[in-house]
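Structural overview for review
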Amino acid sequence: MNPLFADLPTSIFAHMSALAAEHQAINLGQGFPDFGWPEDVLERAANEVRSGSNQYAPMRGLPELRQAVIDHYRQHQRIDYEVDEVTITSGATEALASAIMALVSPGDEVLLFQPLYDAYVPLVRRAGGVPRFVRLTPPDWRITNEAIAAAVTERTRLLIFNNPHNPTARLFGEEELRIIANVCVRHDLIALTDEVWEHIVFDGRPFVPLAAMPGMRERTVKVGSAGKIFSLTGWKVGWIAAPEELALPISKAHQYMTFATPPNLQAGVAYGLGKEDGYYRSMRGGFEAARDAMASALNQAGFAVLPAEGTYFASVDLAASGIGADDVSFCERAVREAGVAAIPVSAFYEEEPVRSVVRLCFAKQPETISGGLERLRAARALFTRS
Ligand code: PMP
Ligand code: GLN
């Protein structure tokens, strides 16, 4: 048995969702919406299940979906890909796994930003890579030149970057993208950019893909996911878009990991990616309204809320909310004693965790948010009663 995986804990998302089910808690932990999916995309996939193919899809994806990804990025992000640069995967998670397996050789150093999505580090280690961390801290979670310079060495090959960022809900802007692009170009690094939240951005902020920065198109592997674009996290349809010399080895890894992704769901996504701008505006508007509802209810309940520029997540700072406990103690008691599940942000650190921040998913209907908030008030009282 390989201890790299055998010794890992159960993912914090699975752990908290299981506790939520056990305690009949309102689940504001794992990031999934309880509203917002487009009926016509469901309809299209359902028709494909009944009357389309239910046999293996082409290994690199349905031609119509690969083309839809290209058209989508050209229209929404003014970035051009060719068909040989796109491979469809079983979710962004498989895209990340295939890319890491294909691009990392034993001994390569990989630059990562903490807090980080939980899949990155186990996959890098399993590929024989050596993770090096840039540590971001609240309240502003800013990326600086100095912090990156301290983590890059002559053995660094790959940088993994997530924007908009889970769990901090930051949308890194042009200044920070420039810092990252400069380091990649200067040290000849490949950038693996996890951009699954690219459409979930608020307050009219524009999303800029890392591949659009000078010198980055030829060295960037971009990862996307239909799960977030269509509020259908269970579908697990994702993709990579990258220069052909990177896309080809990644597709070889993909062919031995899952080989192909369900054709009917791919057809639904291909249809959905062509939806008009109004869909994207109203989808964003729905989540922005949910964010505002959650933030104002949290404020009223005495929680200090950190800004959420994108994603489905808002975070609270426990210390600034008058709660002395650390994030894990707060979340464990909140789910067991107050019936509400949240995610401790320390779970997203490999080294020197920040222990005072708790992540909440606001992508919920008003009843879920108000019910969850009542219980969060009760959770807060567990720690603030004298
Ligand atoms: N990367 C990030 C940053 C995520 O937040 C998520 C899921 N929330 C994923 C990857 C996984 O995406 P998928 O469900 O498409 O595998
Ligand atoms: N990405 C989701 C989150 O951050 C969870 C994905 C998972 O459960 N693996 O909550």
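Everything below is about the structure printed above this text.
These lines cover the structure that appears in this document, whether it is placed above or below. Keep in mind it's a predicted model, so treat the numbers as computed, not measured.

Rules used throughout
- Residues numbered from 1 in each chain as written.
- Chains lettered and ligands numbered in written order.
- Predicted model: local features only at pLDDT ≥ 70, side-chain atom pairs only at ≥ 80, totals over all residues.
- Heavy atoms only, no water.
- Near = heavy atom within 4 Å.
- Polar contact = N/O pair within 3.5 Å; in protein donor to acceptor, adjacent residues only side chain to side chain.
- Areas by Shrake-Rupley, 256 points an atom, 1.4 Å probe, with all protein chains shown as cover.
- Helix = DSSP H or I, 4+ residues; strand = E, 2+ residues; numbered from the N terminus.
- Nonpolar A, V, L, I, M, F, W, Y, C, P; charged D, E, K, R; others polar.
- Salt bridge = Lys/Arg side-chain N within 4 Å of Asp/Glu carboxyl O.
- Buried < 20%, exposed > 50% of the residue type's maximum accessible area, 1.4 Å probe, protein only.
- Pairing = 2+ DSSP bridges.
- Right-handed = clockwise from strand over helix to strand, strands pointing away.

1. A closer look at the site of ligand 1
If you check the shell around ligand 1, you find Gly91, Ala92, Thr93, Tyr117, Asn162, Asn166, Asp194, Val196, Trp197, Ser225, Lys228 and Lys236 and nothing else. Within the backbone of Ala92, a nitrogen or oxygen atom sits 2.8 Å from an oxygen atom of ligand 1. Bound to the protein, ligand 1 loses 94% of the 390 Å² it would expose on its own. In terms of residue count, helix H5 (residues 91-103) provides more of the shell around ligand 1 than any other element does, three residues in total. Residues that form the shell around ligand 1 fall into these classes: four nonpolar, five polar and three charged.

2. Describing the pattern of salt bridges
On inspection of all chains with the given rule, the structure shows 24 salt bridges. Of the charged contacts, one joins Asp80 and Arg74 as a salt bridge, the two residues approaching to 2.5 Å between their closest N and O atoms. Glu195 is the partner of Lys222 in a salt bridge, and the nearest nitrogen-oxygen pair spans 2.5 Å. Residue Lys222 is located in strand S7 (residues 220-225), and its partner Glu195 is located in the loop between strand S6 (190-194) and S7; the two are separated by 27 residues in the primary sequence.

3. Considerations on the pairing of strand S3 (residues 109-114)
The element S3 is largely enclosed, with a buried count of six among its six residues. Burial along S3 is two-sided: Glu109, Leu111 and Phe113 and Val110, Leu112 and Gln114, pointing in opposite directions, are all buried. Where S3 and strand S4 (residues 130-135) come together, six bridges link them in parallel fashion. Bridged to Val110 within S4 is Pro131. As for the winding sense of the linkage, the β-α-β connection from S3 through helix H6 (residues 120-126) to S4 is right-handed. Sheet topology note: the S3/strand S5 (residues 156-162) ladder contains four bridges and is parallel. Residue Val110 lies in a different strand from S5, and its bridge partner there is Leu158.

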